[in-house]
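Architecture and fold: a report
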Amino acid sequence: MPNPFEAFWQSLKQMTDSDVDAPMHVGEVMNCWTYLAMMKEMLRYEEAGLNMTSDEELRDMLTNAHKLCQSQAEQMEAFLIKEGVQMPESPAPKPQQTLSDIPAGIHISDDELANGVSIKVAAAIIESATGQSQAIRTDLGMMWAKMQSEMLTFSTTLKSLMKHRGWVKVPPYYQPSGNRQKE
């Protein structure tokens, strides 16, 4: 009996092979271009964060985030170059600094760093979902699905760290007027 997962992937591969030669539409190009620009900006934020923390758990998270963003940026850049799309400008890499070299007035706290990464990861998840929903080409849709799943997986680790450290920002709880306790 054939493996259903193998059959599914073979079907996707056949569909992908048949439409790789189709040009990207303007929406696909814009989504890819924007995502690449976002990944390159995230890399600079993570590098700055690595300069500003001595917390080992946060350093590990920032290092993992940097590796993920670097991998996705390289993959997207290679794809766009192959498609003939001009690259977005990239901010210069941050030089390595020691925490003592950073003035107190511009130092970002560990809480702020973790929440900044969280916001950027949420934006990347939304952008990859948008890209996937607008992709006509199967190869591009599969690339978006892979990138989104990597970001979703990373976000669970990030949320766990943030909860453990008390860094999660929780809005006020909502209680409908009929459910309020009497004073």
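To start, this report covers the structure provided alongside it. Keep in mind it's a predicted model, so treat the numbers as computed, not measured.

Glancing now at the environment of Ser128. Residue placement: Ser128 occurs in helix H4 (residues 110–134). The sequence separation of Ser128 and Met143 amounts to 15 residues, and the corresponding C-alpha distance is 9.1 Å. Setting aside chain neighbours within four positions, we find Ser128 in contact with Tyr35, Trp144 and Gln148.

Here we take up the layout of surface pockets. Of the voids in this model, the largest pocket is the one considered here, and its volume is about 180 Å³. Forming the walls of the largest pocket are Ser118, Val121, Ala122, Ile125, Ser155, Thr156, Leu158, Lys159, Met162 and Val168.

Below, the discussion takes up the pattern of salt bridges. Counted under the stated rule, the structure contains 10 salt bridges. Here Arg44 makes a salt bridge to Glu47, at a shortest N to O gap of 2.9 Å. Taken as a pair, Arg44 and Glu47 lie in helix H2 (residues 26–52) at a separation of 3 residues, close to a single helical turn. Per residue, the accessibility class of Arg44 equals that of Glu47, and both read buried. One salt bridge connects Glu83 with Lys82, and the closest N-O pair in it is separated by 3.4 Å. The exposed category is assigned to Lys82, whose relative accessible area is 52%. Overlapping salt bridges bring together Lys82, Glu83, Arg137 and Asp139 as one network.

On to the packing of H2 against H4, then. Relative to each other, H2 and H4 sit at 165 degrees, their axes nearing to 10 Å. The pairing of H2 with H4 is recorded here as roughly antiparallel in orientation. As H2 packs across H4, the resulting crossing turns out to be left-handed. A breakdown of the residues in the contact of H2 with H4 according to their chemical character gives 11 nonpolar, 9 polar and 6 charged.

So, how was this worked out
- Residues numbered from 1 in each chain as written.
- Predicted model: local features only at pLDDT ≥ 70, side-chain atom pairs only at ≥ 80, totals over all residues.
- Heavy atoms only, no water.
- Helix = DSSP H or I, 4+ residues; strand = E, 2+ residues; numbered from the N terminus.
- Contact = heavy atoms within 4.5 Å.
- 1 Å grid on protein atoms, 1.4 Å probe; cavity = no way out; pocket = protein on both sides within 12 Å on 5 of 7 lines; lining within 4 Å.
- Points joined across faces, edges and corners; volume = space filled by probe spheres on them.
- Salt bridge = Lys/Arg side-chain N within 4 Å of Asp/Glu carboxyl O.
- Buried < 20%, exposed > 50% of the residue type's maximum accessible area, 1.4 Å probe, protein only.
- Axes fitted to C-alpha atoms, helices over the stretch in contact; angles between N-to-C directions.
- Parallel < 35°, antiparallel > 145°, perpendicular 65-115°, else oblique.
- Left-handed = near helix turned anticlockwise from the far one by under 90°.
- Nonpolar A, V, L, I, M, F, W, Y, C, P; charged D, E, K, R; others polar.

Purely geometric numbers; function is a separate question.
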